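Spelled out from the first residue to the last, the chains are:
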Amino acid sequence: MKQCKVKELNGMSYRCYFELTVSVLSGKWKALILYRLADEPVMRFSEMRRSMPEITERMLSKQLRELENHGLIARTVYNQIPPKVEYSLTKIGAGLIPVLMAMKNWGAEYEDFLGGSGMFNPDEYEQPEKA
């Protein structure tokens, strides 16, 4: 495979489309945030936080900000007291849902490969299929 030249776009450096995609989704939480928004098309910060109890508020804020800066999610602020902020997928963000579902399906196959098949009830998990 030939080496591509480095491209610079919107403060990101990458050599190929795959590298750009990995760069945008890098980190432990971004793909999970997008996956949650596929299931619940509009979520408030507190709902998102409850759906991922292991993430800190600071990290969730950071990841949401980065996803918004990349154009994958929209942040809607309502001018009211107390302030209300909602997050949703953008069209380009929704385009990642089939990719995330393929990753989920691969994870199920990999769990089976590792011998973990049947350890969990599949009904316990959210099954976002919307895009």
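Everything numeric here is computed off the predicted structure, so don't read it as measured data.

Enquirer: What's the story with the overall build of the chain in this structure? I'm lost.
Expert: Along its length, the chain carries 6 helices and 5 strands. Of the regular secondary structure in the chain, the N- to C-terminal order runs β-β-α-α-β-α-α-β-β-α-α. Scored against the burial criterion, the 131 residues of the chain give a buried share of 28%. Restricting to contacts in the chain with at least 6 residues of sequence separation, those with at least 24 account for 47%.

Enquirer: I would appreciate a short explanation of the environment of E47 in the present structure.
Expert: Within the fold, E47 resides in helix α3 (residues 45-51). With 39 residues separating them along the chain, E47 and E86 place their C-alpha atoms 9.7 Å apart.

Enquirer: Would you mind showing me how to read the packing of aromatic side chains here?
Expert: Two aromatic rings are characterised by how far apart their centres lie and by the angle between their planes. A full pass over the atoms with the stated rule returns 2 aromatic pairs. Between the aromatic rings of Y110 and F113, the centroid separation amounts to 5.8 Å while the plane-to-plane angle is 20°, which identifies the pairing as stacked. Of this pair, Y110 and F113 both sit in helix α6 (residues 97-113), 3 residues apart, roughly one helical turn. Each residue in the set W106, Y110 and F113 is aromatic and connected to the rest through ring pairs, giving one cluster. Across from the ring centre of Y78, 5.0 Å away, lies the NZ or CZ of K84, which sits over that ring.

Rules of the game
- Residues numbered from 1 in each chain as written.
- Predicted model: local features only at pLDDT ≥ 70, side-chain atom pairs only at ≥ 80, totals over all residues.
- Heavy atoms only, no water.
- Helix = DSSP H or I, 4+ residues; strand = E, 2+ residues; numbered from the N terminus.
- Buried < 20%, exposed > 50% of the residue type's maximum accessible area, 1.4 Å probe, protein only.
- Contact = heavy atoms within 4.5 Å.
- Phe/Tyr/Trp six-rings, centres within 6.5 Å; stacked < 30°, edge-to-face > 60°.
- Lys NZ or Arg CZ within 6 Å of the ring centre and 35° of its normal.

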